[in-house]
Amino acid sequence: MSRHPPDSSQLPRVVISVRGAQRLREGHVWVYRSDIVSDGSATPGALVEIVDGRGKTLGTALYSSASQIAIRFLSRERVDDLEKLVRQRICQAVAYRERVVHDTDAYRVVFSEADFLPGLIVDRYNDIVSFQVLTQGMDSGPARKALVSELSEQLHPEAIAERVDPKIRELERLPARSSGLVHGDKSTTVFSMNGVKFHYDALLGQKTGAFLDQRENYAATAQYARGEALDVCCYQGGFALHLAKSCSRVTGVDSSRPALEVADRNAELNGKEIEWIEANAFDLLRDYAAAGQQYDTVILDPPAFAKSKRDLDTALRGYKELNLRALKMLRPGGILATCSCSYHVSQADFLQVVAEAACDVHKSLRILESRPQAKDHPILLNVPETAYLKCLIMHVTL
Ligand code: SAH
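Reading the values: rules and limits
Residues numbered from 1 in each chain as written. Predicted model: local features only at pLDDT ≥ 70, side-chain atom pairs only at ≥ 80, totals over all residues. Heavy atoms only, no water. Helix = DSSP H or I, 4+ residues; strand = E, 2+ residues; numbered from the N terminus. Rg over C-alpha atoms; globule rule 2.2 N^0.38 Å. Buried < 20%, exposed > 50% of the residue type's maximum accessible area, 1.4 Å probe, protein only. Contact = heavy atoms within 4.5 Å. Areas by Shrake-Rupley, 256 points an atom, 1.4 Å probe, with all protein chains shown as cover. Axes fitted to C-alpha atoms, helices over the stretch in contact; angles between N-to-C directions. Left-handed = near helix turned anticlockwise from the far one by under 90°. Nonpolar A, V, L, I, M, F, W, Y, C, P; charged D, E, K, R; others polar. Phe/Tyr/Trp six-rings, centres within 6.5 Å; stacked < 30°, edge-to-face > 60°. Domains from an automatic or database assignment. Salt bridge = Lys/Arg side-chain N within 4 Å of Asp/Glu carboxyl O. Polar contact = N/O pair within 3.5 Å; in protein donor to acceptor, adjacent residues only side chain to side chain. Near = heavy atom within 4 Å. Core = buried A, V, L, I, M, F, W, Y, C linked by side-chain atoms within 4.5 Å. Pairing = 2+ DSSP bridges. Expected span 1.5 Å × (residues − 1).

**What to know about the overall build of the chain**
Phase 1: Helix and strand counts for the chain stand at 11 helices and 20 strands.
Phase 2: Computed over its C-alpha atoms, the radius of gyration of the chain comes to 23 Å, within 12% of the 21 Å expected for a compact globule of 398 residues.
Phase 3: Projecting the C-alpha coordinates of the chain onto the three principal axes gives extents of approximately 75 × 45 × 35 Å.
Phase 4: Out of the 398 residues in the chain, the part that is buried amounts to 55%.
Phase 5: Long-range pairs, those at least 24 residues apart, make up 64% of the contacts in the chain with a sequence separation of at least 6.
Phase 6: Summing over all exposed atoms, the chain offers an accessible surface of approximately 17,800 Å²; the carbon and sulfur share of this is 51%.

Rendered as structure tokens:
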């Protein structure tokens, strides 16, 4: 007997395998293309009804004709109006941030799957809101219309900017677009977090701008930091500027000159003296460690070394190398804050690599704090992929 209400034929019905259905029942939100039995002739980005092999409806999802992740789950309920759903979910996302975000006017407003808006990233930098669309569903007319008008209504920004990732648009088979303002004409501003000020340019920078996911880790690390500090892979100075409050000398290292130019302007904005060095972190740490250079605080926040599972071994070698050199240079009583933003490197893998590095340099470390990404980048309990950032703050004991 069919369990579908009579009007259910309006949405394409995508039939999924037992394995795909099991995944959704376990609380995950993705179904891979290999688990699609029949796509119900769904068009790119369409709202679809998800049905298991026995004809039981599991909920509503967005369909992608290009991604290996063919189905991104939206709701156990039936959804006919995507515009209305996107508006509601943005409201809920904003309300959640009102509870968990403090001491900043810059934070992630929408974090894709973790806010049940798969493929939509929204960041707020004071009076500028910046968004990125990563899936066919979120690129559709109703979703775009809802997102721009709801963000305006909820956050009253001076400007809204779209940040395009051309590679992702190509992979998702979306028409090319360019980055730019979609509302207002202001593209630069100053935002602040934990009492530290930063320049923001909606049309420049990596990702959607700053690395907001480290906001709580900056504050936590600054509590312990002291003496001479080295911030490795400093980008626009996130950690370095926080450390400058309590450290006697701070040096930031990054391979990106444009990032360091902003870092320097940020230091000036905060009235701090910080030395910025443009270098490859691996080369610089090797040379400094060999030369016997010493520090009281070292931050390691490299880019994601493992972009896929295949890169895991190389990534672990990279983390080991950086941590080893950093530990060599840390004085007794020193502080190491070491991070990994690779989802494919698990917490256990990361701890093991740092433990091996400590062992190799004959040092004993205490874990002061083991921290994830900031709470405005929520982690969904049943979707492990939403937990990606690891930040270990450690004390060199012996
Ligand atoms: N700590 C920063 C974020 C770091 S993101 C913050 O809190 O804002 C990673 C940074 O590593 C980027 O700025 C990138 O330019 C830099 N990077 C990548 N490869 C590098 C390398 N081999 N040596 C030095 N910096 C590198």
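So, next bit.
**A closer look at the packing of helix α2 (residues 82-100) against helix α4 (residues 141-155)**
Phase 1: In contact at an axis separation of 8 Å, α2 and α4 are set at 35° when each is read in the N-to-C sense. Viewed along their axes, α2 and α4 form a crossing whose handedness is right-handed. Between α2 and α4, the residues in contact are Leu 82, Glu 83, Val 86, Arg 87, Ile 90, Cys 91 and Val 94 and Pro 142, Ala 143, Lys 145, Ala 146, Leu 147, Ser 149, Glu 150, Leu 151, Glu 153, Gln 154 and Leu 155, respectively.
Phase 2: Residue composition of the contact of α2 with α4, grouped by class: 11 nonpolar, 2 polar and 5 charged.

**Observations regarding the packing of aromatic side chains**
Phase 1: A full pass over the atoms with the stated rule returns 11 aromatic pairs.
Phase 2: Ring geometry for Tyr 125 and Tyr 200: centres 3.8 Å apart, planes at 10°, overall stacked. Taken together, the residues Tyr 125 in strand β8 (residues 120-125) and Tyr 200 in strand β13 (residues 196-201) connect sequence positions 75 residues apart.
Phase 3: Residue Tyr 125 is classed as buried on the basis of its relative accessible area, which comes to 0%.
Phase 4: Judged by relative accessible area, Tyr 200 falls into the buried class, the value being 4%.
Phase 5: Through a chain of ring-to-ring contacts, the aromatic side chains of Tyr 125, Phe 191, Phe 198 and Tyr 200 assemble into a single cluster.

**Description of the domain arrangement of the chain**
Phase 1: Domain annotation for the chain reports domain 1 (13-75), domain 2 (82-190) and domain 3 (211-396).
Phase 2: The straight-line distance from the C-alpha centre of domain 1 to that of domain 3 is 39 Å.
Phase 3: Each partner contributes to the interface: domain 1 provides 7 residues, whereas domain 3 provides 4 residues.
Phase 4: Seen at the junction of domain 1 and domain 3, the total is 0 salt bridges.
Phase 5: There are 2 residue pairs in polar contact (both at pLDDT 80 or more) connecting domain 1 and domain 3.
Phase 6: Split into classes, the residues belonging to the side of domain 1 that touches domain 3 amount to 3 nonpolar, 2 polar and 2 charged.

**Some remarks on the side chain of Arg 144**
Phase 1: Looking at the secondary structure, you find Arg 144 in helix α4.
Phase 2: The class of Arg 144 is buried, set by a relative accessible area of 14%.
Phase 3: Beyond its immediate stretch of four places on either side in the chain, Arg 144 contacts Phe 131, Val 133, Met 138, Asp 139, Glu 162, Arg 169 and Arg 177.

**Examining the site of the ligand**
Phase 1: In the vicinity of the ligand, 15 residues are found, and the nearest of them are Tyr 218, Cys 233, Asp 254, Ala 281 and Asp 301.
Phase 2: A distance of 3.1 Å separates a nitrogen atom of the ligand from a polar backbone atom of Ser 255.
Phase 3: Here a nitrogen atom of the ligand and a side-chain polar atom of Asp 301 are 2.7 Å apart.
Phase 4: Burial of the ligand by the surrounding chains reaches 88%, relative to a free accessible area of 580 Å².
Phase 5: Counted by class, the shell around the ligand contains 9 nonpolar, 4 polar and 2 charged residues.

**Quick word on the nonpolar core**
Phase 1: Tyr 125, Phe 191, Leu 243, Val 250, Ile 274 and Trp 276 are the most contacted members of the largest nonpolar core, which totals 36 residues.
Phase 2: Every element with two or more residues in this core is listed here: β10 (159-162), β12 (188-193), β13, α6 (215-224), α7 (238-243), α8 (257-269), β18 (330-340) and β20 (390-396).
Phase 3: Element by element, the count of residues in this core is highest for α7, at 4 residues.
Phase 4: When sequence neighbours within four positions are dropped, the list of residues in contact with Val 250 reads Ala 229, Ala 240, Leu 243, Ala 244, Ile 274 and Glu 275.
Phase 5: In this structure, Leu 285, Leu 300, Leu 392 and Met 394 belong to the second largest nonpolar core, which totals 34 residues.

**Overview of the sheet that holds β18**
Phase 1: An order of β16-β15-β14-β17-β18-β20-β19 is seen for the 7 strands of this open sheet, with the pairing classed as mixed. Strands at the two margins of the open sheet, each flanked by one partner only, are β16 (275-278) and β19 (365-371). Recorded for the sheet is a direction-independent mean angle of 15° between the axes of neighbouring strands.
Phase 2: Set on the sheet, α6 makes contact with β17 (295-300), β18, β19 and β20; between it and β19 the angle comes to about 155°.

**Quick look at the sheet that holds strand β3 (residues 36-38)**
Phase 1: Spatial strand order, β2-β6-β5-β4-β1-β3: 6 strands in an open sheet with mixed pairing. Of all strands in the sheet, those bounded by a partner on one side alone are β2 (30-32) and β3. Across the sheet, the mean angle separating the axes of adjacent strands is 40° when strand polarity is ignored.
Phase 2: Contacting β4 (47-51), β5 (57-63) and β6 (69-75), α2 crosses the sheet at an angle of about 70° to β6.

**Observations concerning unusual backbone geometry**
Phase 1: Although it is not a glycine, His 156 adopts a positive phi angle of roughly 45°.
Phase 2: With respect to the element layout, His 156 can be found in the loop between α4 and β10.
Phase 3: Using a relative accessible area of 63% as the deciding quantity, one classes His 156 as exposed.

**Topic: helix α10 (residues 312-329)**
Phase 1: Taking 1.5 Å as the rise per residue, α10 with 18 residues should run 26 Å; its terminal C-alpha atoms sit 26 Å apart, in good agreement.
Phase 2: Buried residues of α10: Ala 315, Leu 316, Gly 318, Tyr 319, Leu 322, Asn 323, Leu 324, Arg 325, Ala 326, Leu 327 and Met 329, and no others.
Phase 3: Looking at the buried residues of α10, the elements they touch are β14 (228-232), α9 (281-290), β17, β18, α11 (347-360) and β19.

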